[in-house]
Amino acid sequence: MRVRDEEKVKLVKQTAIKLIVEDGFEGFSMNKLAKACGISVATLYIYYEDRDDLIISIAKEEGDRMGDAMIKDFDPEASFEEGMRVQWRNRYAFISENPMSGLFLEQLRTSTYQERFLDDFMKKFKHVIARFMHQVVERGEVNAMPFEVFWSVAYSPLYALIRFDREGQSLGGKPFKMTDEMLWQTFDLVIKALKN
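All values reported here derive from a predicted model rather than from experimental measurement.

**Some remarks on the overall build of the chain**
When helices and strands are tallied, the chain shows 10 helices and 0 strands. Start at the N end of the chain and walk to the C end: the helices and strands fall as α-α-α-α-α-α-α-α-α-α. Viewed in the frame of its principal axes, the chain has a C-alpha envelope of about 60 × 40 × 25 Å. When the accessible surface of the chain is split by element, carbon and sulfur atoms take 53% of a total near 11200 Å². Of the side chains in the chain, 28 bear a positive and 32 a negative charge, and the two mean positions are spaced by 2 Å.

**Overview of helix α5 (residues 80-97)**
Compared with the 26 Å implied by 1.5 Å per residue over 18 residues, the 26 Å span of α5 between its first and last C-alpha is a close match. Where α5 is concerned, the buried positions are Phe80, Gly83, Met84, Val86, Gln87, Trp88, Asn90, Arg91, Tyr92, Phe94 and Ile95.

**Some remarks on the environment of Ala42**
Relative to the helices and strands, Ala42 resides in helix α3 (residues 41-47). Along the chain, Ala42 and Lys195 lie 153 residues apart, while their C-alpha atoms are 55 Å from each other.

**Observations regarding a nonpolar patch on the surface**
A cluster of nonpolar side chains, Met145, Val149 and Val153, forms an exposed patch at the surface whose accessible area comes to about 190 Å². Inspection of the secondary structure assignment puts Val153 in helix α8 (residues 147-154).

**With respect to unusual backbone geometry**
The backbone of Asp73 shows a phi angle near 60 degrees, a positive value even though the residue is not glycine. In this structure, Asp73 sits in the loop between α4 (51-70) and α5. According to the relative accessible area criterion, Asp73 is exposed, its value standing at 66%.

**Comments concerning the packing of helix α1 (residues 6-23) against α4**
At their nearest, the axes of α1 and α4 sit 11 Å apart, and the two run at 100 degrees to each other. Our classification of the angle between α1 and α4 gives roughly perpendicular. In this structure, α1 uses Val12, Lys13, Ala16, Ile17 and Ile20 to contact α4, whose residues at the interface are Leu54, Ile55, Ile58, Glu61 and Glu62. When grouped by side-chain class, the residues that make up the contact of α1 with α4 number 7 nonpolar, no polar and 3 charged.

**What to know about the packing of aromatic side chains**
All told, the structure shown has 10 aromatic pairs when counted by the stated rule. Their ring planes at 45 degrees and their centres at 5.2 Å tell us that Phe25 and Tyr113 sit as a pair that is tilted. Residue Phe25 is located in the loop between α1 and α2 (30-37), and its partner Tyr113 is located in the loop between α6 (99-109) and α7 (114-138); the two are separated by 88 residues in the primary sequence. For the pair shown, Phe25 and Tyr113 are each scored as buried. Arranged with centres 5.3 Å apart and planes meeting at 80 degrees, the rings of Trp184 and Phe187 form a pair that is edge-to-face. Linking Trp184 with Phe187, this pair stays in helix α10 (residues 180-194), spanning 3 residues, or about one helical turn.

Rules and cut-offs
- Residues numbered from 1 in each chain as written.
- Predicted model: local features only at pLDDT ≥ 70, side-chain atom pairs only at ≥ 80, totals over all residues.
- Heavy atoms only, no water.
- Helix = DSSP H or I, 4+ residues; strand = E, 2+ residues; numbered from the N terminus.
- Areas by Shrake-Rupley, 256 points an atom, 1.4 Å probe, with all protein chains shown as cover.
- Lys, Arg positive; Asp, Glu negative; His and termini not counted.
- Charge placed at Lys NZ, Arg CZ, Asp CG, Glu CD.
- Expected span 1.5 Å × (residues − 1).
- Buried < 20%, exposed > 50% of the residue type's maximum accessible area, 1.4 Å probe, protein only.
- Patch = residues over 30% accessible without salt bridge, like charges linked within 9 Å, V, L, I, M, F, W, Y side chains within 5 Å.
- Salt bridge = Lys/Arg side-chain N within 4 Å of Asp/Glu carboxyl O.
- Axes fitted to C-alpha atoms, helices over the stretch in contact; angles between N-to-C directions.
- Parallel < 35°, antiparallel > 145°, perpendicular 65-115°, else oblique.
- Contact = heavy atoms within 4.5 Å.
- Nonpolar A, V, L, I, M, F, W, Y, C, P; charged D, E, K, R; others polar.
- Phe/Tyr/Trp six-rings, centres within 6.5 Å; stacked < 30°, edge-to-face > 60°.

Everything listed here is a matter of coordinates, which is why it stays silent on function.
Okay, here's the thing in structure tokens:
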């Protein structure tokens, strides 16, 4: 049996992410990946059972990286505003520093891999965030609400700004470049909307 070449594995992962972001899951194949990496298809099967195993393996690793980034310096006992500020800062930093990973994870959320990805991804930080939300609701800082309602108000504006910044334009094609002032102005509005 051949020894696992970690540099080759890293190349395979980076190239797979790039291909999936560019071509979608429908356009992604082990043959295309092997060719892009300059390796044989047989080499891929040393590291992964099949296409699904490769995608789920990469999704788990990238999800773990993002989950770790999201809870970095996060205190579940913090006030609502401070906890949310850390969340926004961490999410924005991760996606800014890892744009391909961010796009890859976004594609996972709208794919047939969504359920398997989210199960693992949510385990990484669900307990910490749930504890935080329980505390802020118990302290009366925000009202209890369905998770989907909370997420839509709390994070959708952040991801919309990130998308505008990545695309370099806002609605109507106007040039757009994210600034700290825009980021935190939007954050203040979100906090105001969510607080009692």
